[in-house]
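If you want the building blocks of each chain, they are given just below.
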Amino acid sequence: MAEGVFSEERLISSMFCGVWKSRCLSVLVSLAVPELLCNSCSPVSIQEIAERTGCRTDEKIYKLMRTMAQWGIGEELSDKRFQANRAMELLRRDKGPSLGHMVSYYGSDEIWTAMLGLPEAIKHSGDTAFELVHGMNLYDYMYKVEELEYCTDKRKLGDVVSEMGTKERRREFADNYDRAMNMLSQLELHNAQPSVFTMYPWDKCKRIMDIGGGEGQFLSRILKLPGCEQTHGLLFDFPDVIERAKEFIAKQNISDSRVTLICGDILKDAPQTKQVDAIIVKNLFVIFTQEQMVEVLETCRQVLTKDGKFIIVNSCNPEAGDTDHNVARTGLHPGFRGIHIMTLCKMGNFRTKSEWLHLIDWLCARVAFQLKQVYETGDGPTLFELIKRD
């Protein structure tokens, strides 16, 4: 039989088998197996793994561990003993943001349950799949724990009772989300060639504000660049995020006098500062409606200097018909990541470069900006530089 005759069959089979890979990986992480193995000085028996992870017997967890080891997640030795490898190290969650936090977020009960609503959401639009299933949007679920109560009926999945919706779980989910986004940003930035840190003239900017910049990873990298020793950074985000940012920035050996932390919601609060010559929004506009983007641009225009720049930093989906960039250097699938965003956010939209350019034309027709230049980083983030116009 001719070689390649089963290529489409393999494609389809590998895609639907992905559900098992993803779920097994999330179970492994939820049981804290990476931490168990990484913190052990010697290989660990399957009996001890079962006991320390709360499994009644070692039969089923052994099958899980064996299969994952066959795919390179951990190593199986003789007598059903296991030891950590680099993949396990990457999955541990006790050493700061990691791939383990990404697995914990993307493989959570909340996300898996939301996927049940995807067919209905696609057919009838309106609410997102997450809203249809959980009765509230993703950000209210994470950040309005005290204000909005979760319907307890939604915690029961058949005969399995989940901790979904409890206040403790919602806070844990939000923490996993924040750390997962942190790690995702690191993956995108570290693997892009050329780097966003070398391709853009950051040293020409003296006051840079990062809106929705999380704990400040992106901003702190800029402040450490050659030529940026005198640059002042401003970080604008929600109060709880800013609290974490204080701790992160303190570890970066950057003087307190070079960083200003501002609490607020960009859709409600104008940053209380002036004379900023560059504003960054990284992966932020994907969760805003076009009308909200207009609001943000109008607010930022008041903060920027006369020659100020508004910089949209975002990954772009492959253009229609482009099958050469379905998988990024990071291993992430941009197109399916876009489906994930669509599942969670009404306004969620990952765009191709041409779609971004069309959107920017629409925005600039409503707010006095114009596109000056586009900086590309291969399969990493693209920078769209907008400047003020009279």
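Structure: see above.
In this text, all values refer to a predicted model and were calculated from it rather than measured experimentally.

Details of the sheet that holds strand E3 (residues 81-83)
Taken in spatial order, the three strands line up as E1-E3-E2 in an open sheet, and their pairing is antiparallel. Looking at which strands have only one partner, the edges of the open sheet turn out to be strand E1 (44-45) and strand E2 (75-77). In this sheet, E3 lies alongside E1 in antiparallel orientation, the contact comprising two bridges. Bridge pairing links Ser 45 to Arg 81 in E3.

Thoughts on the nonpolar core
Ile 211, Ile 279, Phe 285, Phe 310, Ile 312 and Leu 386 are the most contacted members of the largest nonpolar core, which totals 55 residues. If we ignore the near neighbours within four places in the chain, the residues touching Ile 312 are Val 281, Phe 285, Trp 356, Ile 360, Thr 382, Leu 383, Phe 384 and Leu 386. In this structure, Ile 222, Leu 223, Leu 235 and Ile 249 belong to the second largest nonpolar core, which totals 27 residues.

A closer look at a nonpolar patch on the surface
Judged by side-chain polarity, Leu 11, Ile 12, Met 15, Phe 16, Ile 122, Phe 336, Ile 339 and Met 342 come together as a nonpolar surface patch covering roughly 810 Å² of accessible area. If you tally residues by element for the nonpolar patch, the top one is helix H1 (residues 7-30), at four residues. Along the chain, Phe 336 falls in helix H16 (residues 334-344).

Comments concerning the packing of aromatic side chains
In the structure shown here, the tally under the stated rule is 17 aromatic pairs. Geometrically, the ring pair formed by Phe 310 and Phe 369 is tilted, given 6.0 Å between the ring centres and 55 degrees between the ring planes. With Phe 310 in strand E10 (residues 304-314) and Phe 369 in strand E11 (residues 369-375), the pair connects residues that are 59 residues apart, well separated along the chain. Pair check on accessibility: Phe 310 and Phe 369 agree, each one buried. By way of ring pairs, the aromatic residues Tyr 105, Tyr 106, Phe 130, Tyr 139, Tyr 141, Tyr 150, Phe 173 and Tyr 177 are connected into one cluster. Directly above the ring of Trp 112 sits Arg 23, whose terminal nitrogen or CZ lies 4.8 Å from the centroid.

Conventions used here
- Residues numbered from 1 in each chain as written.
- Predicted model: local features only at pLDDT ≥ 70, side-chain atom pairs only at ≥ 80, totals over all residues.
- Heavy atoms only, no water.
- Pairing = 2+ DSSP bridges.
- Helix = DSSP H or I, 4+ residues; strand = E, 2+ residues; numbered from the N terminus.
- Core = buried A, V, L, I, M, F, W, Y, C linked by side-chain atoms within 4.5 Å.
- Buried < 20%, exposed > 50% of the residue type's maximum accessible area, 1.4 Å probe, protein only.
- Contact = heavy atoms within 4.5 Å.
- Patch = residues over 30% accessible without salt bridge, like charges linked within 9 Å, V, L, I, M, F, W, Y side chains within 5 Å.
- Areas by Shrake-Rupley, 256 points an atom, 1.4 Å probe, with all protein chains shown as cover.
- Salt bridge = Lys/Arg side-chain N within 4 Å of Asp/Glu carboxyl O.
- Phe/Tyr/Trp six-rings, centres within 6.5 Å; stacked < 30°, edge-to-face > 60°.
- Lys NZ or Arg CZ within 6 Å of the ring centre and 35° of its normal.

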